[in-house]
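Letter by letter, the chains look like this.
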Amino acid sequence: MHSVVISGTGLYQPPYTISNAELVDIFNRYVDEQNTLHAGEIAAGTRPALPYSSVEFIEKASGIQQRYVIEKSGLMDPARMCPRLTERPDDQLSLMAEIGVDAAQKALAAAGRTGAQVDAVLCAASNMQRAYPAMAVEIQQALGAGGYGFDMNVACSSATFAIEQAVNAVRTGSARCVLVVSPEITSGHHAWRDRDCHFIFGDVCTAVIVERADDATSPDQWEVLGTRLVTQFSNNIRNNFGFLNRAEDSDPDARDKTFRQEGRKVFKEVVPMAAAHIESHLAALEQSPSAVRRFWLHQANQSMNDLIVRKMLGTQPHGDVAPLILDEFANTASAGSIIAFHRHRADLAAGDLGVICSFGAGYSVGSVVVRKR
Ligand code: CO8
C-alpha cells in the first residue's frame, strides 16, 4: 500500500457575478409579470398571488451574498431565467470539459505535474452535460493524460466520493496520479423561478491532484490519513430530470425536472448526520475534533456549518476553524468544500490536521482527513 497525498488544487471562476439585489430584482419582475397575467384568477381566489423574494431573507437564511455564473443574460431575462448557451458541434470541446480543463491545468501547475503524468481522470459532478462519451474521457484527451477516465455523480458529495476512489486507486497501485475534476454548472439545472431556492446556487469548477507520496514534488502536500463515505436515501433533495422523461411523455419544463428540496428538513437531518460522521471518522483515526486545525465544509448554509462545528467542538466556531466561501460563491454543489480547501489552507503549518467534508443529496456525506506535510 502506498502513502497518498493531495498535491495541488485548481479553481475555475466564471466571468459573471449576480448579486442578491440583482437576483431579487429579476425574480420580483417575474412575479409582477405573472401576477398581472393571472390577475383575474388571483382576484377570483382560484390562484394564489406569487410573493416577492427579499435580499434580507436570503442573507439571513443562508449567508449568501452573490454567486458566479457562466452566462448571465439569459438569467437576467424574466421571460427566460435560464442561461443562454449555444450548442457546440461534436468536434469542439464541450463546455463542461472546457472549464474542467481550465481548473485541471491550474491544479497540475500547483502540483508541478503535466497532463501526460496523469493516469486517471474522474469527472465528479451533480449533473453531466451528456450521457456519453464520459466527460472525464474528453478531459483526459484534452490534457494529454493516459490511463482511464470515468464520470460519477453523488450530487453535492461527488468530489469527496471521487477523492476516495482516487486515493484507493493510488494506494493500491492501479494509478499513480489521479485528477478529480468537478465542473458544476448549477445554473443549467436550477429552479430560478422558485422563491424558496432561487438564490441557492452558483457555477464553478474545481480540480484536485491525488498522487503517490513518493512521487510528489509539490511544495504544498497534504497526506491523506483516511476517507469515509456514507449514504442514506432521502427524497428531500431531488431532481427527476432523466433519460426516461421522453419515454414517459412528461413535461420537460415541469417543476420536478430541476432542483427542489425541503430545505428545513435537510437542515435538521443533515446537520447531526454530518457531525456524527466526522466525529466517528476522526475517532477511527484516533483523532478528535478538537485536534483539527481546520474544517473545509460543504458550503450550503452558514448556520448549518456553524451548528455542525458547534456540535463537534461544544463551543461556538471561533476564528478560522471552518472558513466560509458561500458568501462569495453561493452553494456550488460538490465543489464547495474543495473551494474552501483551495482558498483557505496556505496559513496551516506542517503537522496540522484538517477535514474536507461534503454533505447533500442522497443523502450523502463524504470526509477526507488530511495532514499538512
Ligand atoms: N424571500 C423571502 N422570504 C422567503 C423566501 C425568499 N426568497 N423563501 C422563503 N421565504 C419565506 C418562507 O415563505 C417562509 O415564510 P413563513 O415563515 O411565513 O412560512 C420563511 O421565509 C421561512 O422559509 P424556510 O423555512 O424555507 O426558510 P429556512 O429558514 O429553512 O431557509 C434555506 C431556507 C436557506 C434553503 C435553508 O433551509 C437551508 O439552507 N437548508 C439546507 C439546505 C441544504 O443544505 N441543501 C443541500 C442542497 S445542495 C445539494 O444537495 C446538491 C444538489 C445538487 C446540485 C443541484 C444544482 C442545481
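It should be noted that the structure appears before, not after, this text.
The notes below deal with the structure included here. (Residues numbered from 1 in each chain as written. Predicted model: local features only at pLDDT ≥ 70, side-chain atom pairs only at ≥ 80, totals over all residues. Heavy atoms only, no water.)

By the secondary structure assignment, Phe57 is in helix H3 (residues 55–62). For the pair Phe57 and Pro317, spaced 260 residues apart in sequence, the C-alpha to C-alpha distance is 23 Å. Those residues within four positions of Phe57 in sequence are excluded, and the remaining contacts are Ser62 and Phe199. (Helix = DSSP H or I, 4+ residues; strand = E, 2+ residues; numbered from the N terminus. Contact = heavy atoms within 4.5 Å.)

A separate point is the pattern of salt bridges. Inspection of the entire model under this criterion finds 18 salt bridges. Between Arg88 and Glu98 there is a salt bridge, with the nearest N and O atoms lying 2.7 Å from each other. One end of the pair, Arg88, is in the loop between strand E3 (66–69) and helix H4 (95–111); the other, Glu98, is in helix H4, and 10 residues separate them in sequence. Arg88 gets classed as partly exposed once you look at its relative accessible area, which sits at 27%. A salt bridge links Asp320 to Arg293; the nearest nitrogen and oxygen atoms lie 3.1 Å apart. Taken as a pair, Asp320 in the loop between helix H8 (302–313) and helix H9 (326–329) and Arg293 in the loop between helix H7 (263–284) and strand E11 (294–297) lie far apart in primary sequence, 27 residues in all. (Salt bridge = Lys/Arg side-chain N within 4 Å of Asp/Glu carboxyl O. Buried < 20%, exposed > 50% of the residue type's maximum accessible area, 1.4 Å probe, protein only.)

With that settled, the discussion passes to the site of the ligand. In the vicinity of the ligand there are 26 residues, among which Cys156, Gln261, Arg264, Asn301 and Ala361 approach most closely. Residue Ser54 places a main-chain N or O atom 3.2 Å away from a nitrogen atom belonging to the ligand. Ala361 places a main-chain nitrogen or oxygen 2.8 Å from an oxygen atom of the ligand. When isolated, the ligand has an accessible area of 1,200 Å², and the protein chains bury 76% of it. Every element with two or more residues in the shell around the ligand is listed here: H3 and H7. A per-element tally of the shell around the ligand places H7 first, with 4 residues. For the shell around the ligand, a count of residues per class yields 12 nonpolar, 11 polar and 3 charged. (Near = heavy atom within 4 Å. Polar contact = N/O pair within 3.5 Å; in protein donor to acceptor, adjacent residues only side chain to side chain. Areas by Shrake-Rupley, 256 points an atom, 1.4 Å probe, with all protein chains shown as cover. Nonpolar A, V, L, I, M, F, W, Y, C, P; charged D, E, K, R; others polar.)

So, about the side chain of Ser218. Within the secondary structure, Ser218 sits in the loop between strand E7 (204–212) and strand E8 (222–231). One polar contact links the side chain of Ser218 to the main-chain carbonyl oxygen of Ser7, over a distance of 2.9 Å. Here Asp220 takes part through its backbone nitrogen, which lies 3.0 Å from a polar atom of the side chain of Ser218. Excluding anything up to four places from it in sequence, Ser218 contacts Ser7, Ala110 and Ala111.

With that out of the way, let us pick up helix H10 (residues 336–343). Here H10 lies mainly inside the structure; 6 of its 8 residues are buried. The complete set of buried residues in H10 reads Gly336, Ser337, Ile338, Ile339, Ala340 and Phe341.

Below, the discussion takes up the nonpolar core. Counting residues in each nonpolar core, the largest one holds 49 residues, and the members touching the most others are Ile278, Phe295, Leu297, Ile308, Val355 and Phe359. Residue assignment for this core shows that the elements contributing at least two residues are helix H1 (20–37), H7, E11, H8, strand E12 (353–360) and strand E13 (364–372). By residue number, the principal contributor to this core is H7, which donates 8 residues. With near-sequence residues (within four places) excluded, Leu297 lies in contact with Ile278, Asn305, Ile308, Val309, Ala322, Gly336, Ser337, Cys357 and Phe359. Listed in part, the 37 residues of the second largest apolar core include Ala120, Leu122, Val154 and Val167. (Core = buried A, V, L, I, M, F, W, Y, C linked by side-chain atoms within 4.5 Å.)

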